[in-house]
Amino acid sequence: MAKHKSKKYKKVAEKVEKNKLYDLEQALELLKDLSYTKFPATIEFHAVLKLQKGQDPRSIKGSISFPNVVNKKDIKVAVCVPVDLKDKAKEAGADFYDFSEISKQIQSGNIQFDVLLALPQMMPELAKYGKVLGPKGLMPNPKTGSVVNLNNLASVIQEFKKGKTVIKVDKTGVLHVAVGKVTMPKEQVIENIKTLVNYMQTLLGKSKEAIFSSIFLAPTMGPSVKVNIKSI
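Values in this document were obtained by computation on a predicted structure and should not be read as measured data. (Residues numbered from 1 in each chain as written. Predicted model: local features only at pLDDT ≥ 70, side-chain atom pairs only at ≥ 80, totals over all residues. Heavy atoms only, no water.)

Novice: Just to check I follow, could you spell out the overall build of the protein chain for this structure?
Specialist: What the protein chain contains, in helices and strands, is nine helices and eight strands. Against the globule reference of 17 Å for 232 residues, the protein chain gives a C-alpha radius of gyration of 19 Å, in line with a compact fold. Along the first, second and third principal axes, the C-alpha set of the protein chain runs to 60 × 40 × 40 Å. A buried classification covers 42% of the 232 residues belonging to the protein chain. In the structure as shown, the protein chain presents an accessible area of about 13000 Å², 51% of it carried by carbon and sulfur atoms. The average position of the 38 basic charges and that of the 22 acidic charges among the side chains of the protein chain differ by 7 Å. (Helix = DSSP H or I, 4+ residues; strand = E, 2+ residues; numbered from the N terminus. Rg over C-alpha atoms; globule rule 2.2 N^0.38 Å. Buried < 20%, exposed > 50% of the residue type's maximum accessible area, 1.4 Å probe, protein only. Areas by Shrake-Rupley, 256 points an atom, 1.4 Å probe, with all protein chains shown as cover. Lys, Arg positive; Asp, Glu negative; His and termini not counted. Charge placed at Lys NZ, Arg CZ, Asp CG, Glu CD.)

Novice: When you look at the pattern of salt bridges in this model, what are you seeing that I'm missing?
Specialist: Proximity of charged atoms lets side chains of opposite charge pair with each other. One pass over the full model with this rule turns up eight salt bridges. In this structure, Glu159 and Lys164 form a salt bridge, with 3.0 Å as the shortest nitrogen-oxygen distance. A relative accessible area of 34% means that Glu159 is categorised as partly exposed. What makes Lys164 buried here is its relative accessible area of 18%. Through salt bridges with shared partners, a single ionic network connects Glu25, Glu29 and Lys186. (Salt bridge = Lys/Arg side-chain N within 4 Å of Asp/Glu carboxyl O.)

Novice: Just checking my understanding: could you explain the sheet that holds strand E7 (residues 212-219) for this structure?
Specialist: Through backbone hydrogen bonds, the strands of a sheet pair up, either in parallel or in antiparallel fashion. The four strands lie next to each other as E6-E1-E7-E8, forming an open sheet whose pairing is antiparallel. Strands at the two margins of the open sheet, each flanked by one partner only, are strand E6 (174-181) and strand E8 (225-227). Taking each pair of neighbouring strands and ignoring which way they run, the sheet shows an average axis angle of 25°. With three bridges connecting them, E7 and E8 associate as antiparallel partners. Its bridge partner lying in E8, Leu217 is registered against Val225. Contacting strand E1 (42-49), E7 and E8, helix H2 (residues 24-34) crosses the sheet at an angle of about 35° to E7. Docked against the sheet, helix H8 (residues 186-204) engages E1, E6 and E7, running at close to 150° with respect to E6. (Pairing = 2+ DSSP bridges. Axes fitted to C-alpha atoms, helices over the stretch in contact; angles between N-to-C directions. Contact = heavy atoms within 4.5 Å.)

Novice: Mind showing me how you'd approach the nonpolar core here?
Specialist: Across soluble globular proteins, you tend to see nonpolar side chains buried next to one another. If you look at the biggest cluster of nonpolar residues, it comprises 39 residues, and the most contacted ones within it are Phe45, Leu175, Ile193, Phe212 and Leu217. For this core, the secondary structure elements donating two or more residues are H2, E1, E6, H8, E7 and E8. Other than its neighbours up to four places away in sequence, Leu175 contacts Phe45, His46, Ala47, Leu49, Ile167, Lys168, Val169, Met200 and Phe212. One finds Val81, Val148, Val156 and Phe160 within the second-largest nonpolar core, a separate group that totals 16 residues. (Core = buried A, V, L, I, M, F, W, Y, C linked by side-chain atoms within 4.5 Å.)

Novice: Help me understand H2, please; the structure alone is not making it clear to me.
Specialist: Along an α-helix, a turn takes 3.6 residues, which lines up residues three or four apart on a common side. Along H2, the positions that sit buried rather than exposed are Leu24, Ala27, Leu28, Leu30, Leu31 and Leu34. The arc enclosing the buried residues of H2, seen along the axis, measures out at 165°, which places them on a common side. Summarising the contacts, the buried residues of H2 are in contact with helix H1 (7-13), E1, H8, E7 and E8. (Arc of directions from axis to C-beta.)

Novice: Explanation requested: the packing of aromatic side chains in the structure shown.
Specialist: The way to describe two aromatic rings as a pair is by their centre distance and the angle between their planes. Per the stated rule, a full pass over the model turns up two aromatic pairs. Residues Phe45 and Phe212 carry aromatic rings whose centres are separated by 6.2 Å and whose planes lie at 75° to one another, so their mutual orientation is edge-to-face. Separated by 167 residues along the polypeptide, Phe45 in strand E1 and Phe212 in strand E7 bring together distant segments of the chain. Here Phe45 and Phe212 have matching classes, each one buried. (Phe/Tyr/Trp six-rings, centres within 6.5 Å; stacked < 30°, edge-to-face > 60°.)

Novice: Explanation requested: the side chain of Asn192 in the structure shown.
Specialist: Structurally, Asn192 can be placed in helix H8. Judged by relative accessible area, Asn192 falls into the buried class, the value being 0%. Reaching out from Asn192, the side chain makes a polar contact with the backbone oxygen of Asn68 at a distance of 2.9 Å. (Polar contact = N/O pair within 3.5 Å; in protein donor to acceptor, adjacent residues only side chain to side chain.)

Novice: Explanation requested: the confidence of the model for the protein chain in the structure shown.
Specialist: Close inspection of predicted coordinates is inappropriate for parts of the model with low pLDDT. Averaged over all residues, the pLDDT of the protein chain equals 92, while 98% of them reach at least 70. Confidence, expressed as mean pLDDT per element, reaches its minimum in the protein chain at H1 with 84 and its maximum at strand E3 (residues 77-80) with 98. (pLDDT = per-residue confidence, 0-100.)

Structure follows, in structure tokens:
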């Protein structure tokens, strides 16, 4: 069943030219007029990836630190460590470091953290929560930098608290990443988008034309704009 679109959505959607490929700067200028939320909308980067036959898109994982912070909220980090290392995790800056408490949050569905890190030896303990953590994008994974060693735990915690973003692709092969706010200077959002595209090229070892089938930008609430890949 098609999702019903509000009158506000339909009205702003008239500003988007059908089948037009917008240059990146044009798209960002237009997004300011397409957002109709009362709060500063997030600019979302949606890209359809070109996948090899039989490739599981969810195997594409990574993490990126943007040059310009997207979300300035207080990010809560939980760290799974053995009982005897709880004090070390606390000293490193973790907000949650008692594994029994973290487990209770996961089991109850009352998850109070934004990022979950784990020492390698704790991964077997977390495996039983995979069906809960996986869909939420919280399951620690070496590819995303969320499985860490004790000696660099403090630096990794700070990276995530400063807005390090986990890269993940949904089962349909679409990459979704928040790259800015409509209130941010356009130059900062462009820098973040180019950083993301360059990261994906490094991660997959291909050119952007070989990675992306199509790229769209959209505000939190509002229609999307198709972007000319060559303009990035």
